[in-house]
Amino acid sequence: MKVLKITRLLSAILTVCLTGILLCPCAAAQSQPGKVVSAALSQVGYTERSDEFTQFGQWFGISKGYWCDMFVSWCADQAGVPREIFPPSASCTAHVRLFTKKGQYVRSAARGGNALPQQGDLIFFYDPICDPDGRRLTHVGLVLYTENG
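Below is a summary of the structure that appears in this document. The structure presented is a predicted model; accordingly, all values stated were derived computationally and were not measured. (Residues numbered from 1 in each chain as written. Predicted model: local features only at pLDDT ≥ 70, side-chain atom pairs only at ≥ 80, totals over all residues. Heavy atoms only, no water.)

A few words now on the nonpolar core. F71, C75, F86, L122, F124 and V140 are the most contacted members of the largest nonpolar core, which totals 22 residues. Elements that contribute at least two residues to this core include exactly α3 (33-41), α5 (68-78), α6 (92-101), β3 (122-126) and β4 (137-142). (Core = buried A, V, L, I, M, F, W, Y, C linked by side-chain atoms within 4.5 Å. Buried < 20%, exposed > 50% of the residue type's maximum accessible area, 1.4 Å probe, protein only. Helix = DSSP H or I, 4+ residues; strand = E, 2+ residues; numbered from the N terminus.)

Here is the structure:
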């Protein structure tokens, strides 16, 4: 169990180090970044069960499985962000499509855009080895802070 979690953590770190970054400065993050981040920080130390059950998946309706996107959706919900501004999702790729359609998705400077991450923004990652074009997003997180751009 611990080996699996460490492997996932190392994989996530490697993905962050190797990937270009895609950014979504969502209206939710722009209006309530502190509340969204506070909701996320309130869960530091929470772990999934050995069967991959999480409270975030249960909240979303998919109690077992990959839960990063359900977690950021839960954080927005806990912060009181209206669902029409931040629609919940269980898929990073689907979430980017939703935010793109709403005009809330931009590319970061690391991916050829001009956006710089701000607290509360969503940040999407892809695996550059398996998907060099970045069409399949594999992970999402919340920006806590940035330094030096």
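Our focus in this paragraph is the packing of α3 against α5. Relative to each other, α3 and α5 sit at 125°, their axes nearing to 8 Å. Between α3 and α5, the interaxial angle falls into the category oblique. Helix-helix and strand crossings are classified by hand; for α3 and α5 the assignment is right-handed. Residues V36, A39 and A40 of α3 pack against F71, W74, C75, A76 and Q78 of α5. (Axes fitted to C-alpha atoms, helices over the stretch in contact; angles between N-to-C directions. Parallel < 35°, antiparallel > 145°, perpendicular 65-115°, else oblique. Left-handed = near helix turned anticlockwise from the far one by under 90°. Contact = heavy atoms within 4.5 Å.)

Here we come to a nonpolar patch on the surface. A contiguous nonpolar surface patch, about 430 Å² in accessible area, is contributed by L41, V44, L144 and Y145. Mapped onto the fold, V44 is located in the loop between α3 and α4 (55-60). (Patch = residues over 30% accessible without salt bridge, like charges linked within 9 Å, V, L, I, M, F, W, Y side chains within 5 Å. Areas by Shrake-Rupley, 256 points an atom, 1.4 Å probe, with all protein chains shown as cover. Salt bridge = Lys/Arg side-chain N within 4 Å of Asp/Glu carboxyl O.)

Before going further, it helps to examine the side chain of E48. Here E48 shows up in the loop between α3 and α4. Judged by relative accessible area, E48 falls into the buried class, the value being 8%. One polar contact links E48 to W67, side chain to side chain, over a distance of 2.6 Å. (Polar contact = N/O pair within 3.5 Å; in protein donor to acceptor, adjacent residues only side chain to side chain.)

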